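Summary of structural features
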Amino acid sequence: MVDNSGQLARGGAFTASTSALVATFIFYAVQTAPMHFFHIALPIVLRESGADMTMIALTMIIFLPWSIKIFWAGLVDRYPLGDGTPFRNWVHLHK
């Protein structure tokens, strides 16, 4: 049951804000899963296959776009391309 304030009442169901939080959590979990693979498992696999430590260290360049997204995310939000839809055109640009 949900009362009028949108809060979860005793014995009630998820509210819209609760389901949005769950969706956000799932999105970030799915987003970081490949990152954790490349950060943890890939160096181990490369080392066991005999790769040089320098090459293993260079694989950390994979994280560069994710690390600097705080800087380029503002550009995506601020400058829409084409028809004025900010995100869709940036995605099409990078296909």
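Everything discussed here concerns the structure shown above.
In this report, we go over the structure that sits alongside the text. Small disclaimer: the values here were computed from a predicted structure and weren't measured.

So, about a nonpolar patch on the surface. Residues Met55, Leu58, Ile61, Leu64, Ile68, Ile70, Phe71, Trp72, Leu75 and Tyr79 make up a contiguous nonpolar surface patch of about 1,100 Å² in total accessible area. Elements represented by at least two residues in the nonpolar patch include exactly α2 (53-58) and α4 (69-78). Per element, the largest residue contribution to the nonpolar patch is 4 residues, and it comes from α4. Relative to the elements of secondary structure, tryptophan 72 occurs in helix α4. With relative accessibility at 42%, the residue tryptophan 72 sits in the partly exposed group.

Looking now at the packing of aromatic side chains. Tallied over the full model, the rule gives 2 aromatic pairs. Centre to centre, the rings of phenylalanine 27 and tyrosine 28 are 5.2 Å apart; their planes meet at 75 degrees, and the pair counts as edge-to-face. Ring centres of phenylalanine 37 and phenylalanine 38 lie 5.3 Å apart, and the angle between their planes is 70 degrees; on these two criteria the pair is classed as edge-to-face. With relative accessibility at 31%, the residue phenylalanine 38 sits in the partly exposed group.

Reading the values: the criteria
- Residues numbered from 1 in each chain as written.
- Predicted model: local features only at pLDDT ≥ 70, side-chain atom pairs only at ≥ 80, totals over all residues.
- Heavy atoms only, no water.
- Patch = residues over 30% accessible without salt bridge, like charges linked within 9 Å, V, L, I, M, F, W, Y side chains within 5 Å.
- Areas by Shrake-Rupley, 256 points an atom, 1.4 Å probe, with all protein chains shown as cover.
- Salt bridge = Lys/Arg side-chain N within 4 Å of Asp/Glu carboxyl O.
- Helix = DSSP H or I, 4+ residues; strand = E, 2+ residues; numbered from the N terminus.
- Buried < 20%, exposed > 50% of the residue type's maximum accessible area, 1.4 Å probe, protein only.
- Phe/Tyr/Trp six-rings, centres within 6.5 Å; stacked < 30°, edge-to-face > 60°.

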